[in-house]
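# Chains, contacts and geometry: an overview
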Amino acid sequence: MATKVGVLGSGKVGEVLANGFLKHGYEVMRGSRDPAKLAAWKSGAGASASTGTMADTARFGEIVVLAVKGTAAEDAVRQAGPASLAGKVVIDATNPIADAPPTNGVLHYFTTLEQSLMERLQRLAPDARFVKAFNSVGNAFMVNPDFAGIKPTMFICGNDANAKARVQDVLEKFGWEWQDIGGVEGARAIEPLCILWCAPGFNGGQWNHAYKVLRK
Ligand SMILES: NC(=O)c1ccc[n+]([C@@H]2O[C@H](COP(=O)([O-])OP(=O)(O)OC[C@H]3O[C@@H](n4cnc5c(N)ncnc54)[C@H](OP(=O)(O)O)[C@@H]3O)[C@@H](O)[C@H]2O)c1
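Residues numbered from 1 in each chain as written. Predicted model: local features only at pLDDT ≥ 70, side-chain atom pairs only at ≥ 80, totals over all residues. Heavy atoms only, no water.

Quick look at the overall build of the protein now. Helix and strand counts for the protein come out as nine helices and eight strands. Taken over the C-alpha trace, the protein has a radius of gyration of 16 Å; the compact-globule value for 216 residues is 17 Å, and the two agree within 12%. Considering only C-alpha atoms, the protein reaches an extent of 40 × 40 × 35 Å along its principal axes. Considering only intrachain contacts with a sequence separation of at least 6, the fraction spanning at least 24 residues in the protein is 67%. Of the accessible surface of the protein, which amounts to about 9,800 Å², a share of 53% is contributed by carbon and sulfur atoms. For the protein, the separation between the mean place of its 23 positive charges and that of its 20 negative charges on side chains is 2 Å. (Helix = DSSP H or I, 4+ residues; strand = E, 2+ residues; numbered from the N terminus. Rg over C-alpha atoms; globule rule 2.2 N^0.38 Å. Contact = heavy atoms within 4.5 Å. Areas by Shrake-Rupley, 256 points an atom, 1.4 Å probe, with all protein chains shown as cover. Lys, Arg positive; Asp, Glu negative; His and termini not counted. Charge placed at Lys NZ, Arg CZ, Asp CG, Glu CD.)

This is the structure in structure tokens:
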């Protein structure tokens, strides 16, 4: 039986990750407040793809992916339903990007270095097993990126070791190595990596990079 993945997100990240899970043999439901907007994706995505509301999608997934606008992430978790997320691995790809435009290419966040968005989400759905992942790279490189044979590094964190092991299995399939930053507080360090990732894009049009940790 294929593992069921519920992807909360009708944007580009939701699409890329949903397609990545389908490619690797998972069954996928994508969720939106307005599932009709995903009809074209569903009709092209094959028999293992379906769509639903945020609540349908949270109920469906054994693994749930949160890929919504950062300012709406808490609302999306409420709409998905903390009870439906209880016990599930929730891959959190969101970034707490504020609505203000970047300053000289540096994004503004509505969170602080003392409290990340994922900590707020974890508080909202205390029994969900949140794992931060996929937030610090552009969607073009999330699934089996080609960096001339070099595996990029995904930074992950979360309170539950078994949940992180499930996400590591996904990352392996998606062509990534990982660096575990620890518990949910690790998101205070991982979420700002998006600011760093985006600055060369805003300032010089470079959007074609990924992080790699060198070890010896
Ligand atoms: N774009 C990238 O390459 C990239 C890379 C890494 C991480 N990220 C992060 O991934 C997340 C998704 O990014 P994206 O570019 O795919 O899309 P996005 O435009 O940031 O988000 C679109 C999603 O947000 C949802 N949304 C908006 N307002 C909402 C509300 N009030 N309540 C519930 N849901 C709401 C939309 O739901 P409906 O379908 O209901 O409208 C839609 O699913 C963001 O947090 C972003 O920072 C993006």
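Around the ligand, the structure places 27 residues, and the nearest of them are Ser10, Ser32, Arg33, Lys37 and Val68. The backbone of Lys12 places a nitrogen or oxygen atom 3.1 Å from an oxygen atom of the ligand. The side chain of Asn139 places a nitrogen or oxygen atom 2.8 Å from an oxygen atom of the ligand. Its free accessible area being 890 Å², the ligand has 78% of it covered by the protein chains. Residue assignment for the shell around the ligand shows that the elements contributing at least two residues are α1 (12-23) and α4 (73-80). Per-element tally for the shell around the ligand: the top contributor is α4, with three residues. Of the residues in the shell around the ligand, the class split is 11 nonpolar, 11 polar and five charged. (Near = heavy atom within 4 Å. Polar contact = N/O pair within 3.5 Å; in protein donor to acceptor, adjacent residues only side chain to side chain. Nonpolar A, V, L, I, M, F, W, Y, C, P; charged D, E, K, R; others polar.)

Read across the open sheet, the six strands follow the order β3-β2-β1-β4-β5-β6; overall the sheet is parallel. Edge positions in the sheet fall to β3 (49-52) and β6 (129-132), since each has one partner strand and no second. Adjacent strand axes in the sheet meet at a mean angle of 25 degrees when their direction is disregarded. Sheet analysis places strand β1 (residues 4-8) next to strand β2 (residues 27-31), joined by five bridges and oriented parallel. Among the inter-strand pairings, Leu8 is bridged to a residue of β2, identified as Gly31. The strands that α1 touches are β1, β2, β3, β4 (63-66) and β5 (89-92); relative to β2, the one it contacts most, it runs at about 165 degrees. With respect to the sheet, helix α6 (residues 117-124) is in contact with β4, β5 and β6, its orientation differing from that of β6 by roughly 170 degrees. (Pairing = 2+ DSSP bridges. Axes fitted to C-alpha atoms, helices over the stretch in contact; angles between N-to-C directions.)

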